[in-house]
Amino acid sequence: MKLLYFAWLRQKIGKAEETLDVPAHVKEVGQLLDWLESLGPNYATALKERKAVKVAVNQDYVGLTHPVKAGDEVALFPPVTGG
Amino acid sequence: MKLLYFAWLRQKIGKAEETLDVPAHVKEVGQLLDWLESLGPNYATALKERKAVKVAVNQDYVGLTHPVKAGDEVALFPPVTGG
Amino acid sequence: MTVRVQTQDFDVGAELQQLSAGNHQIGGVASFVGLVRDIAPEGSGASSSMTLEHYPGMTEKRLAEIEAEAQRRWPLAATLIIHRHGRLEPGDRIVLVATASSHREAALESCAFLIDWLKTEAPFWKLEDGPEGPRWVEAKSSDDARKAAWKK
Amino acid sequence: MTVRVQTQDFDVGAELQQLSAGNHQIGGVASFVGLVRDIAPEGSGASSSMTLEHYPGMTEKRLAEIEAEAQRRWPLAATLIIHRHGRLEPGDRIVLVATASSHREAALESCAFLIDWLKTEAPFWKLEDGPEGPRWVEAKSSDDARKAAWKK
């Protein structure tokens, strides 16, 4: 699974992207965030305030119960501020 | 009193402007329109449909009871269609 | 606040550039450009020109009053109205309305307000060269309705 | 329908000209230009630059979807969105949204709709050089409210 991080999520996690082998029990976005939090204090800090984390799967906005699977592009970022 | 006519009111009356000595009993816009109608068939035709005649006195929109006096600039025109 | 009534065309990019030039508190510039539509029937080979008549003096006065009303209603850093008169061809620019503000909402709403009010208040009249000869364009009740909606 | 995401500046006049070029059914072109505001305290002598980060690929996709939604809601002859990313200085253009229609109401409303939706949907993030160092701009609840108002 390809993970992308933007803005302060990128800064807190300390990388812009990575490819991870996600365990079999991770089937939804919410489970993915829980698992990422366990990877280290940088992830835990970045994902602490869940309301501030937006998720896109294959470039579409999704909710916490959206399914994720190997091969997906999953992006995590704060609320957008362009325009 | 200086009279100005625009658009189809100008065409129907047959002139763009004129200066008229208005009789003393003409004190309001409505009375002015009644008096103008009496000046000839071109005026009568132009002013027949009163709802389609807008009036400005000294370049401000006014209603039929607005006072008029010698020296005023009175313009008659159809509803505007710019922009 | 600027109002110009002229026969010449105008350069939209240059006008918008100038509206915000030097003021770095401006966050947004909204604009509306009105163009002459070709009302000749398709395939007729004809093209519909038009002539815009106006009331010199009152036009500038009304446009300045409409601008002042917009300035009262919204926090605007700059406003611009340019309206042409005389003979115009299909595709020609007729009018430019532009507003600049630190707030996007103020710029967008006041721009719509200005063109809606201009349509019903500014003394211009369109004479269209239709297929059956010149014809004075009739005012639309929908324009009055749009203006009235701003009273709320 | 055109979407461009780029680091370079754009020529507003040329873009608006091209939007309506050759289509004489277009009666109005509405546009909004977003500019970088200087947030440095007055008299500080400082100037506040910013850096716009985005999500390449998803940005273009979301902007195209927002344009398509506007086309579904209004009769539009043409639409354009240009959004810059990278480093920008106060007064620099950030975004241009433009819509062209035979109807002025459709052009004005869809232009406001596009910028409102873009603000809450397009994956861009602003990093401002504030007086106390770089700071990620926080999303405004008023932007969400403006977007939500279009659902009605």
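Just so it is clear, the structure is predicted and the values come from calculations on it, not from any experiment.

Procedures and definitions
- Residues numbered from 1 in each chain as written.
- Chains lettered and ligands numbered in written order.
- Predicted model: local features only at pLDDT ≥ 70, side-chain atom pairs only at ≥ 80, totals over all residues.
- Heavy atoms only, no water.
- Helix = DSSP H or I, 4+ residues; strand = E, 2+ residues; numbered from the N terminus.
- Rg over C-alpha atoms; globule rule 2.2 N^0.38 Å.
- Buried < 20%, exposed > 50% of the residue type's maximum accessible area, 1.4 Å probe, protein only.
- Contact = heavy atoms within 4.5 Å.
- Areas by Shrake-Rupley, 256 points an atom, 1.4 Å probe, with all protein chains shown as cover.
- Lys, Arg positive; Asp, Glu negative; His and termini not counted.
- Charge placed at Lys NZ, Arg CZ, Asp CG, Glu CD.
- pLDDT = per-residue confidence, 0-100.
- Pairing = 2+ DSSP bridges.
- Axes fitted to C-alpha atoms, helices over the stretch in contact; angles between N-to-C directions.
- Salt bridge = Lys/Arg side-chain N within 4 Å of Asp/Glu carboxyl O.
- Buried area = accessible area lost by both parts, 1.4 Å probe.
- Polar contact = N/O pair within 3.5 Å; in protein donor to acceptor, adjacent residues only side chain to side chain.
- Nonpolar A, V, L, I, M, F, W, Y, C, P; charged D, E, K, R; others polar.

**Q** Help me understand the overall build of chain C in this model?
**A** When helices and strands are tallied, chain C shows four helices and eight strands. Reading chain C from its N terminus to its C terminus gives the helix and strand order β-α-β-β-α-β-β-β-α-β-β-α. On C-alpha atoms alone, chain C measures out to a radius of gyration of 16 Å, which is about the 15 Å that the 2.2 N^0.38 rule sets for 152 residues. Each principal axis of the C-alpha distribution contributes one length, and for chain C these read about 50 × 35 × 30 Å. Looking at chain C as a whole, 58% of its 152 residues are labelled buried. In chain C, of all internal contacts separated by at least 6 residues, the share reaching a separation of at least 24 is 74%. Of the roughly 6,300 Å² of accessible surface on chain C, 48% is carried by carbon and sulfur atoms. With 18 positive and 22 negative side-chain charges, chain C shows a separation of 5 Å between the mean positions of the two kinds.

**Q** Sorry if this is basic, but what is going on with the overall build of chain A here?
**A** The secondary structure content of chain A amounts to three helices and five strands. Counted from the first residue to the last, chain A has its helices and strands arranged as β-α-β-α-α-β-β-β. The C-alpha atoms of chain A give 12 Å as radius of gyration, which agrees with the globular expectation for 83 residues (12 Å, within 12%). Each of the three principal axes of chain A carries a C-alpha extent, and together these read 35 × 30 × 20 Å. For chain A, buried positions account for 48% of its 83 residues. Here the contacts in chain A between residues at least 6 apart in sequence split such that 51% fall between residues at least 24 apart. When the accessible surface of chain A is totalled, it reaches about 4,100 Å², and 53% of it is carbon and sulfur.

**Q** Would you mind going over the confidence of the model for chain C with me for this structure?
**A** Detailed reading of the predicted coordinates is not advisable wherever pLDDT falls low. For chain C, per-residue confidence averages 94 on the pLDDT scale, and 97% of positions sit at 70 or higher. Of the two predicted TM-score estimates for the complex, the pTM is 0.95 and the ipTM is 0.94.

**Q** So what exactly am I meant to see when it comes to the sheet that holds strand S3 (residues 54-57) of chain A here?
**A** Within a sheet, each strand pairs with its neighbour through backbone hydrogen bonds, oriented either parallel or antiparallel. Strand order across the open sheet formed by five strands is S2-S1-S5-S3-S4 (chain A), with mixed pairing between neighbours. Only two strands of the sheet have a single partner each, and these edge strands are strand S2 (17-19) and strand S4 (60-62) of chain A. Adjacent strand axes in the sheet meet at a mean angle of 25°, parallel and antiparallel pairs treated alike. Direction of pairing for strand S1 (residues 2-5) of chain A relative to strand S5 (residues 73-77) of chain A: parallel, over a ladder of four bridges. Residue pairing in the sheet places Tyr5 of chain A in a bridge with Leu76 of chain A of S5 of chain A. On top of the sheet, helix H2 (residues 58-73) of chain D reaches S3, S4 and S5 of chain A; it is set at about 90° to S4 of chain A, its chief contact.

**Q** Would you mind showing me how to read the pattern of salt bridges here?
**A** Where charged atoms of side chains with opposite charge meet at close range, the side chains can pair. One pass over the full model with this rule turns up 44 salt bridges over all chains. Taking the shortest distance from any N to any O, the salt bridge between Glu128 of chain C and Arg135 of chain C comes out at 3.1 Å. Its relative accessible area of 11% is what places Glu128 of chain C among the buried residues. Note on Arg135 of chain C: relative accessible area 43%, which makes it partly exposed. Residue Asp9 of chain D is joined to Arg84 of chain D by a salt bridge in which the shortest nitrogen-to-oxygen separation is 3.6 Å. Here Asp9 of chain D is found in the loop between strand S1 (2-6) and helix H1 (12-20), whereas its partner Arg84 of chain D is found in strand S4 (residues 78-84), with 75 residues between them in sequence. Its relative accessible area of 39% is what places Asp9 of chain D among the partly exposed residues.

**Q** Which parts of the structure should I look at to understand the sheet that holds strand S5 (residues 73-77) of chain B?
**A** Residues and elements named next belong to chain B. The mixed open sheet is built from five strands, whose spatial order is S2-S1-S5-S3-S4. The outermost strands of the open sheet, each flanked by one partner alone, are strand S2 (17-19) and strand S4 (60-62). Direction aside, the axes of adjacent strands within the sheet are offset by 25° on average. Sheet topology places strand S1 (residues 2-5) next to S2; three bridges connect them, and they run antiparallel. The residue bridging Leu4 from the neighbouring strand is Glu17, located in S2.

**Q** Quick question: what am I supposed to make of the interface of chain D and chain C here?
**A** Interface extent is often summarised as the accessible area lost during association of the parts. Opposite the 36 residues of chain D that make contact, chain C presents 36 residues. Taken together, both faces of the contact between chain D and chain C bury some 2,900 Å²; the carbon and sulfur share is 51%. In this structure, the connection of chain D to chain C is made through six salt bridges. A salt bridge links Asp116 of chain D to Arg104 of chain C, with the shortest nitrogen-to-oxygen separation between them at 3.1 Å. Linking chain D with chain C are 20 residue pairs in polar contact (both at pLDDT 80 or more), by the criterion used here. Broken down by secondary-structure element, the contributors of at least two residues to the side of chain D that touches chain C are H1, strand S2 (28-35), helix H3 (104-121) and helix H4 (141-149) of chain D. At ten residues, the largest contribution of residues to the side of chain D that touches chain C is made by H3 of chain D. When the residues that make up the side of chain D that touches chain C are grouped by side-chain class, the tally is 15 nonpolar, eleven polar and ten charged.

**Q** Before we go on, may I ask you to explain the pairing of strand S3 (residues 54-57) of chain B in this structure?
**A** Each regular strand carries side chains that alternate between the two faces of the sheet. Residue and element names in this part refer to chain B. The sheet contact formed by S3 and S5 spans four bridges and is antiparallel. Bridged to Val57 within S5 is Val74. In textbook terms, the turn of a hairpin is the stretch between consecutive antiparallel strands, and for S3 and S4 this stretch comprises two residues, one of which, Asn58, has a positive phi near 50°.

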